[in-house]
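The chain contents come next:
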Amino acid sequence: MSCEPAVPRRRTLLGWLLLALLACLVGFYLHVLGLVATPHVDEAYTRAYLTGEFAVYPSSVGWRPGDGLDYTPGTFTDLRGSEARRNWLARFDWHRVGTPVVTLVGYSGRLFLHLTGEPDAASQRHRLRLGLVCRLPLEHAGDLVVSVNGTEVARAYCGEGLLIIDRFVPAGLLGARRYDEIRIDRTRASIFETILTRLGFRADAVELDWFAVDGE
Amino acid sequence: MSLTFAGLRPWLPGGAAVRPQGEAIRSTGWRVPRRDLELLLAILVLSRLIILVVFIVAYGANPARVETGPDDMFCNWDCDWYVGIAEKGYWPIFGADKHGVANWAFFPLLPAAMAGVTALTGLPAAYAGLVVANVAWGIGLYFLYLFARDHGGSPFARYASLIYGFWPFGVHGSVPMTEALFVPLSIGLFLLARRGDWLLAVPLAAALSASRTVGVLAVLPLFILAAREFGLWRVVFIRPGTERAVIALAATGLGLALYMMYLHGLMGDALAFAHNQNAWNRQFKWPWMMLLDELNPAFTDVRWIMSNAIDAVTGLAALTLLPTLWRRDLKTEAIFAGLALTAAFLTGATHSLPRYSGGLFPLILAVALLTDRPLGRTPTLALSLAGLCIFAFSWAMEQFYVM
């Protein structure tokens, strides 16, 4: 017994209409794909949502001067408060192991700042100070490299104990971007170490306690 | 042209003539006998009544909530977001809070329906959502009865309807949550597609992806159903007679695409609903990485580990039901549920896994199929009823598991 459904051999008028509708749908989908490929968003949105670099969304209605990523040179910023940490630390590299402790795991971390209150910030020389606590056993100790907007500005040994980095940054480096990036990397970390730390099998880490940027 | 390779035959048949026995799509019509109609009405009234009574008990048991108004009895968790969208629409690009949380993550079908009911009746949005949810739930019950009758006859349809009526996760379909539309729409879509009523399926297919993003995943099982009915290559090349099925397949993305176009106009990013997931602690992760993170005392507060574990176990339990669907000739429904569960397991967080799982109608059918035996029915219904009461109480008390 055949169960073959009644399928017409020639296309009916309804069929042609549906084909036309299908063509319209395909055209519409292509249009939407075009919209997907051409977002009209600002840098804050891009870094908060698309690349995930910002732990805050600086374009939000909750944005206030001094809040989130805004930073006025000369301000000593203690990161021991959980709110301050949430505001200042980048989303991916800094892993929050409970509150209020924020530790640098994966051997890499970033701070994003939007310098305010300096009309000529881009031409100024700045002094960068970072207060860190190193908790790296001897076999995992190594150099910490500090870079500003991709340019290395300091390198210091990080083992066990406090580490203060105090360096002048070349003029024009800080304030050159809408959001400056200060990156701290431990040079000796292997991929294996990074994986173990991300999975929580290792607790050795670096903690950023405070920072300050002073205009000269 | 037809594929007759033995292993692919059940999947990619060249026409109905090679459809294996038992896979036949048959319709038992739209009419419901008086006796069954009475049963459906009883399920409808009784289940609504049980949920309402439990809500009132929970509301009374928590004096702290009384001050917030009676709508807080049923409108918790995401419901507040849907009410906000129904009342004030989607936020502009600057509307997110400073941690990035915004309402773009919530799909528009439910709030649009709520706003429509509000405009027609003047009801506040939360109560309008309640009307939408419960009317849709009743339609879903009817669709499920027909689907189960097509598949297993009237006795099974009655039993499956009872399971649907007292399904613990049915609480999400009784309050203003997007599952209230997603579940009935998905049942209706598969019912119509299996019956070959492709033109009727078009609006449901379009609406499904406007209710939840995983609605768009229905395209693959629908394609398989179409290929079974007309033959793979006839569908691929849109031969005469297959246009109805192809337009239904194409419509599965329409709701999502319209929402994307709206978001691009509103704030410049057509994928804002997906990008905003970051702020909700959802990002792509392989399931094993998600479980390692969510169950790891180094990363997760110990108090949450047990909760995360229960959520994960629920999701895994849902996966174990898929083979039942597969064996019982509901392969396309198994694929739909499997895809939706896979998507849920890739979102990097275990929370809401129970809701995502409980909102997949094939799993309701799987439970009904598994327990449809003399010694299985009564205990299952009793457990289901107890679960519904507990879940409704938990919902009103804002317990995390039912989120």
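Here is what the cut-offs are and how they apply
- Residues numbered from 1 in each chain as written.
- Chains lettered and ligands numbered in written order.
- Predicted model: local features only at pLDDT ≥ 70, side-chain atom pairs only at ≥ 80, totals over all residues.
- Helix = DSSP H or I, 4+ residues; strand = E, 2+ residues; numbered from the N terminus.
- Rg over C-alpha atoms; globule rule 2.2 N^0.38 Å.
- Contact = placed C-beta atoms within 7 Å.
- Buried ≥ 20, exposed ≤ 12 C-beta atoms within 10 Å, placed from the backbone.
- Pairing = 2+ DSSP bridges.
- Axes fitted to C-alpha atoms, helices over the stretch in contact; angles between N-to-C directions.
- Parallel < 35°, antiparallel > 145°, perpendicular 65-115°, else oblique.
- pLDDT = per-residue confidence, 0-100.
- Core = buried A, V, L, I, M, F, W, Y, C linked by C-beta atoms within 7 Å.
- Arc of directions from axis to C-beta.
- Left-handed = near helix turned anticlockwise from the far one by under 90°.
- Nonpolar A, V, L, I, M, F, W, Y, C, P; charged D, E, K, R; others polar.
- Expected span 1.5 Å × (residues − 1).

Attention shifts here to the overall build of chain B. A tally of regular secondary structure across chain B gives 19 helices and 0 strands. Expected size for 403 residues packed as a compact globule is a radius of gyration near 22 Å; at 21 Å, chain B falls within 12% of this value. Pairs at least 24 residues apart make up 72% of the contacts formed inside chain B by residues separated by at least 6 positions.

What follows is about the overall build of chain A. Along the backbone of chain A there are 4 helices and 11 strands. Burial analysis of chain A (216 residues in total) assigns 28% to the buried set. Restricting to contacts in chain A with at least 6 residues of sequence separation, those with at least 24 account for 69%.

All names here are of chain A. As paired strands, strand β7 (residues 142–148) and strand β8 (residues 151–158) are joined by 7 bridges and run antiparallel to one another. The residue of β8 that forms the bridge with Leu 144 is Ala 156. Taking the residues between adjacent antiparallel strands as the criterion, β7 and β8 are bridged by 2 residues, where Asn 149 takes a positive phi near 50°.

A separate point is the pairing of β7(A). One ladder, built from 5 bridges, connects β7(A) with strand β10 (residues 180–186) of chain A; its direction is antiparallel. Residue Val148(A) lies in a different strand from β10(A), and its bridge partner there is Ile182(A).

What follows is about the packing of helix α5 (residues 125–165) of chain B against helix α18 (residues 361–371) of chain B. All names here are of chain B. Direction vectors running N to C along α5 and α18 enclose 85°, while the axes themselves pass 10 Å from each other. Regarding the angle of α5 to α18, the classification is roughly perpendicular. Side by side, α5 and α18 meet where Leu 144, Ala 148, Tyr 159, Ala 160, Ile 163 and Tyr 164 of the first sit next to Phe 361, Ile 364, Leu 365, Val 367 and Ala 368 of the second.

For the rest of this paragraph, the subject is the environment of Arg110(A). Structurally, Arg110(A) is set in strand β5 (residues 108–115). Along the backbone, Arg110(A) and Glu181(A) are 71 residues apart, and their C-alpha atoms lie at a distance of 6.6 Å.

All names here are of chain B. Mapped onto the elements, Ala 210 comes out in helix α7 (residues 198–211). With 24 C-beta atoms counted inside 10 Å, the residue Ala 210 sits in the buried group. Expressed as a C-alpha distance, the spacing of Ala 210 and Leu 181, which sit 29 residues apart in the sequence, is 9.7 Å. When sequence neighbours within four positions are dropped, the list of residues in contact with Ala 210 reads Phe 107, Pro 108, Leu 109, Gly 255, Leu 256, Leu 258 and Tyr 259.

Residues and elements named next belong to chain B. In this fold, Leu 365 is placed in helix α18. Assessed through the 29 C-beta atoms surrounding it within 10 Å, Leu 365 is described here as buried. Separated by 247 residues in the primary sequence, Leu 365 and Thr 118 have C-alpha atoms spaced 34 Å apart.

Note on backbone geometry: most residues besides glycine have negative phi, and most peptide bonds are trans. Residues and elements named next belong to chain B. Look at Trp 77: it is not a glycine, yet its phi comes out positive at around 50°. Assignment of secondary structure puts Trp 77 in the loop between α2 (63–66) and α3 (78–88). Assessed through the 18 C-beta atoms surrounding it within 10 Å, Trp 77 is described here as partly exposed. Of note, Ser 352 is a non-glycine position whose phi angle comes to about 75°, a positive value. By the element assignment, Ser 352 lies in the loop between α16 (331–345) and α17 (353–358).

Residue and element names in this part refer to chain A. When pLDDT is averaged along chain A, the result is 74, and 68% of the positions lie at 70 or above. Here strand β3 (residues 94–95) stands out as the least confident element of chain A, with mean pLDDT 38; helix α1 (residues 13–37) is the most confident, with 96. Here residues 84–106 is a poorly scored stretch, pLDDT under 50, and it has 63 contacts once near neighbours within four places are set aside; other chains count.

Residue and element names in this part refer to chain B. Counting residues in hydrophobic clusters, the biggest one holds 167 residues, and the most contacted among them are Leu 144, Ile 163, Leu 189, Ala 205, Ala 248 and Leu 365. Element by element, the count of residues in this core is highest for α5, at 21 residues. Apart from residues no more than four positions distant in its own chain, Leu 189 is found in contact with Ala 201, Leu 204, Ala 205, Leu 208 and Ala 218.

A few words now on α3(B). Residues and elements named next belong to chain B. Buried residues of α3: Asp 78, Cys 79, Tyr 82, Val 83, Ile 85 and Ala 86, and no others. The buried residues of α3 occupy one face: seen down the axis, they fall within an arc of 160°. Against α4 (109–121) and α5 lie the buried residues of α3. Directly after α3, the chain includes Gly 89, whose backbone phi takes a positive value near 80°.

Here the focus is the packing of helix α8 (residues 219–230) of chain B against α16(B). Residues and elements named next belong to chain B. Running from N to C, α8 and α16 point in directions that differ by 165°, and their axes come no closer than 8 Å. Taken together, the axis directions place α8 and α16 in an arrangement best described as roughly antiparallel. The handedness of the crossing between α8 and α16 comes out as right-handed. For the pair α8 and α16, contact is made by Leu 220, Pro 221, Ile 224 and Leu 225 and by Thr 332, Glu 333, Ile 335, Phe 336 and Leu 339, respectively. Classifying every residue of the contact of α8 with α16 by side-chain character gives 7 nonpolar, 1 polar and 1 charged.

Take helix α6 (residues 179–195) of chain B next. Because an α-helix completes one turn every 3.6 residues, residues spaced three or four positions apart along the sequence face the same direction. Residue and element names in this part refer to chain B. Taking 1.5 Å as the rise per residue, α6 with 17 residues should run 24 Å; its terminal C-alpha atoms sit 24 Å apart, in good agreement. In terms of burial, α6 is a largely internal element, 17 of the 17 residues being buried. One or two positions beyond α6, positive phi appears at Gly 196, with a value near 80°.

This part takes up the confidence of the model for chain B. Note: predicted coordinates in regions of low pLDDT should not be interpreted at a detailed level. Residues and elements named next belong to chain B. Overall, the predicted model of chain B reaches an average pLDDT of 88, with 92% of residues at or above 70. Under a pLDDT of 50 for its full length, residues 1–24 has, in the predicted model, 46 contacts with residues more than four places off or in other chains. Both confidence scores are given for the complex: pTM 0.80, ipTM 0.87.

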